[in-house]
Amino acid sequence: MCRSIKTLRPPVTEAPTGDDIRAAALQYVRKVSGFHAPAAHNQAVFDEAVDAVAGATERLLEGLVVRGGGRSPQGR
């Protein structure tokens, strides 16, 4: 699932941007929901899901400890 979402953790990606994280979250929500662009009546819940996934992704990246490298750059 979501095979084309790129890895965002170091050392694969040194400093993912907020745009990188949001793009990955959007792709994930699109895949799970089955909608590339939701209908107007689903837009709010779709956007909420993207925000929630992006937030969880940021927290994950901030908390990861990369072997031999300490915390990821976002967590420093």
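So, how was this worked out
- Residues numbered from 1 in each chain as written.
- Predicted model: local features only at pLDDT ≥ 70, side-chain atom pairs only at ≥ 80, totals over all residues.
- Heavy atoms only, no water.
- Core = buried A, V, L, I, M, F, W, Y, C linked by side-chain atoms within 4.5 Å.
- Buried < 20%, exposed > 50% of the residue type's maximum accessible area, 1.4 Å probe, protein only.
- Helix = DSSP H or I, 4+ residues; strand = E, 2+ residues; numbered from the N terminus.
- Contact = heavy atoms within 4.5 Å.
- Polar contact = N/O pair within 3.5 Å; in protein donor to acceptor, adjacent residues only side chain to side chain.
- Salt bridge = Lys/Arg side-chain N within 4 Å of Asp/Glu carboxyl O.
- Expected span 1.5 Å × (residues − 1).

Student: Help me understand the nonpolar core in this model?
Tutor: Across soluble globular proteins, you tend to see nonpolar side chains buried next to one another. Ranked by size, the top nonpolar core spans nine residues in total: Leu8, Ile21, Ala24, Ala25, Val29, Phe46, Val50, Ala54 and Leu61. Elements that contribute at least two residues to this core include exactly α1 (18–33) and α2 (43–63). Look past the residues within four positions of Val29 in its chain and what remains in contact with it is Gly34, Phe46, Ala49, Val50 and Val53.

Student: Honestly, the environment of Asp51 in this entry has me stumped. Any pointers?
Tutor: Residue position: Asp51 is located in helix α2. Spatially, the C-alpha atoms of Asp51 and Leu26 are 8.6 Å apart, while their sequence positions differ by 25 residues. Here Arg22 takes part through its side chain, which lies 2.6 Å from a polar atom of the side chain of Asp51.

Student: Explain the pattern of salt bridges to me, please; I cannot follow it from the model alone.
Tutor: When the charged atoms of two side chains with opposite charge come close together, those side chains can pair. Summed over all chains, the structure comprises two salt bridges. A salt bridge links Lys6 to Asp20; the nearest nitrogen and oxygen atoms lie 3.8 Å apart. Highlighted residues: Lys6 in the segment before α1 and Asp20 in helix α1, separated in sequence by 14 residues. The salt bridge involving Asp51 is made with Arg22; its shortest N-O contact spans 2.6 Å. In this pair, Asp51 sits in helix α2 while Arg22 sits in helix α1, placing the two residues 29 residues apart along the sequence. Residue Asp51 is classed as partly exposed on the basis of its relative accessible area, which comes to 45%. Residue Arg22 is classed as partly exposed on the basis of its relative accessible area of 37%.

Student: Explain α2 to me, please; I cannot follow it from the model alone.
Tutor: A turn of α-helix holds 3.6 residues, and therefore any two residues three or four places apart point the same way. Between the first and last C-alpha of α2 there are 30 Å, a value that for 21 residues agrees with the 30 Å anticipated at 1.5 Å per step. Turning to α2, its buried residues are Phe46, Val50, Ala54, Gly55, Thr57 and Leu61. Residues of α2 that are buried in the fold lie against α1.

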